[in-house]
Amino acid sequence: MMGPSHALSGAAVWLSGSWALQHFYDYEQSPLALAVGTAVCAGGALLPDLDLSGKVTRNQGGATVARTFGVFSLFVAEVVEKVSLGVYYATKLSRDPKRSNGHRTLTHTIPFTVLVGWGTTTLCARYGKWAVIGILFFMIGLALRGLFDEWAERAGWVIVTLVSAGAATFTAANLPGDRGYPMIGLAVGVGCFVHIIGDMITRAGVPILWPIPIKRRMWTPISLPDSIALRAGGKTEIVVVRTALTVVSVLAAVGLVAPSVLQKFNLDL
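Computed from a predicted structure; not experimentally measured.

A. Structural view of the nonpolar core. One finds Val40, Leu47, Val132, Leu136, Ile184 and Val188 to be the most contacted residues of the largest nonpolar core, which totals 36 residues. Where this core is concerned, the elements lending two or more residues are α1 (3-25), α2 (31-44), α3 (71-91), α4 (110-127), α5 (129-147), α7 (157-174) and α8 (177-200). When residues in this core are grouped by element, the largest group, eight residues, is from α5. Core analysis: the second largest hydrophobic core is formed by six residues, Met1, Leu8, Leu230 and Val241 among them.

Now the structure itself:
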């Protein structure tokens, strides 16, 4: 899936999950906490593609996430891609093919998802608002780049960076630490997992079962059959999938903040 679709899927899952928690378990969140969780989950849904690097010195190429902060994020993506490729070769078995890059390897696994979610929560709990500011800065930037891709492309990475910094500083100053901080780690982890599921429905698939060896392969790609799998960037993804995710996001958001609006249209979710 492409970057905007991943970001939309993260937002849709977080909003619909938050609605379910509120509707069935009376778990309410403040508007700020809801907005932060949605943004972080949308950003987290782009994070695994940091293993797709571009041309650092030319500020070109790479995945959507790699272009978020210009040459800085492109450099990070270059490092992540090389580390992922190194882990691939360090753990590959006899039937795993040779690779020239680390895309859809380490960062597209369950262990990476768990590690990132746990690490985010640990950093927030140990270092408080300074860690929160840094994490939110990065994740909000990714969310902006994914959810508002065309605007971010026109505005440029400098504007995206400034907006992210301002939003992160404001949020950290107003977000309570008791429920807010653990929520950030959860949102990052959920976003990464949603990304993996999104790539599983494409033809290339992802090695979601790593590090479980299967028939002398450690990095077995798991995907839908080619006959029903999506083509990344195809019309089905751009028109059908994104429209469905947008509808889910809007309905869930309205159901959370203004349920009376849905009731007027007999949409009492």
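Next comes the rest of the account.
B. Layout of the packing of aromatic side chains. All chains considered together, the criterion is met by seven aromatic pairs. Summarising the aromatic geometry, the rings of Phe72 and Trp157 are spaced 5.6 Å apart at their centres and angled 65° between planes, so their arrangement reads as edge-to-face. Highlighted residues: Phe72 in helix α3 and Trp157 in helix α7, separated in sequence by 85 residues. Between Tyr88 and Trp219 the ring centres are 5.4 Å apart and the planes differ by 45°, which places this aromatic pair in the tilted class.

C. Summary view of the packing of α5 against α7. Where α5 meets α7, the axes come as close as 8 Å, and the angle between the chain directions of the two elements is 135°. Relative to α7, the element α5 is oriented oblique. Between α5 and α7 the crossing geometry is right-handed. Contacts between α5 and α7 involve Lys129, Val132, Ile133, Leu136, Phe137, Ile140, Gly141 and Leu144 on the former and, on the latter, Val160, Thr161, Val163, Ser164, Ala165, Ala167, Ala168, Thr169, Thr171, Ala172 and Ala173. Among the residues making up the contact of α5 with α7, the classes are represented as 13 nonpolar, five polar and one charged.

D. Region of interest: a nonpolar patch on the surface. On the surface, a nonpolar cluster with roughly 810 Å² of combined accessible area is contributed by Phe72, Leu147, Phe148, Trp151, Trp157, Val158, Ile159, Leu162 and Val163. Looking at the nonpolar patch element by element, the count peaks at five residues for α7. In this fold, Val158 is placed in helix α7. Using a relative accessible area of 43% as the deciding quantity, one classes Val158 as partly exposed.

E. Spatial organisation of the state of the cysteines. Taken as a whole and assessed by the stated rule, the structure comprises zero disulfides. We note that Cys41 lacks a disulfide partner, and the nearest cysteine sulfur, in Cys192, lies 8.9 Å from it.

F. How the structure looks around unusual backbone geometry. The amide bond that connects Trp210 to the next residue, Pro211, takes the cis arrangement and shows omega of 10°. Relative to the helices and strands, Pro211 is located in the loop between α8 and α9 (235-257). Residues other than glycine seldom take positive phi values, yet Asp26 does so here, at roughly 55°. In this structure, Asp26 sits in the loop between α1 and α2. With relative accessibility at 66%, the residue Asp26 sits in the exposed group. Residues other than glycine seldom take positive phi values, yet Arg216 does so here, at roughly 60°. In this structure, Arg216 sits in the loop between α8 and α9.

G. Summary view of α2. The end-to-end C-alpha distance of α2 is 20 Å, a good match for the 20 Å that 14 residues give at a rise of 1.5 Å each. Summarising burial for α2: ten of the 14 residues are buried, a large majority. Those residues of α2 lying buried are Ala33, Leu34, Val36, Gly37, Thr38, Val40, Cys41, Ala42, Gly43 and Gly44.

Analysis parameters
- Residues numbered from 1 in each chain as written.
- Predicted model: local features only at pLDDT ≥ 70, side-chain atom pairs only at ≥ 80, totals over all residues.
- Heavy atoms only, no water.
- Core = buried A, V, L, I, M, F, W, Y, C linked by side-chain atoms within 4.5 Å.
- Buried < 20%, exposed > 50% of the residue type's maximum accessible area, 1.4 Å probe, protein only.
- Helix = DSSP H or I, 4+ residues; strand = E, 2+ residues; numbered from the N terminus.
- Phe/Tyr/Trp six-rings, centres within 6.5 Å; stacked < 30°, edge-to-face > 60°.
- Axes fitted to C-alpha atoms, helices over the stretch in contact; angles between N-to-C directions.
- Parallel < 35°, antiparallel > 145°, perpendicular 65-115°, else oblique.
- Left-handed = near helix turned anticlockwise from the far one by under 90°.
- Contact = heavy atoms within 4.5 Å.
- Nonpolar A, V, L, I, M, F, W, Y, C, P; charged D, E, K, R; others polar.
- Patch = residues over 30% accessible without salt bridge, like charges linked within 9 Å, V, L, I, M, F, W, Y side chains within 5 Å.
- Areas by Shrake-Rupley, 256 points an atom, 1.4 Å probe, with all protein chains shown as cover.
- Salt bridge = Lys/Arg side-chain N within 4 Å of Asp/Glu carboxyl O.
- Disulfide = S-S within 2.5 Å.
- Expected span 1.5 Å × (residues − 1).

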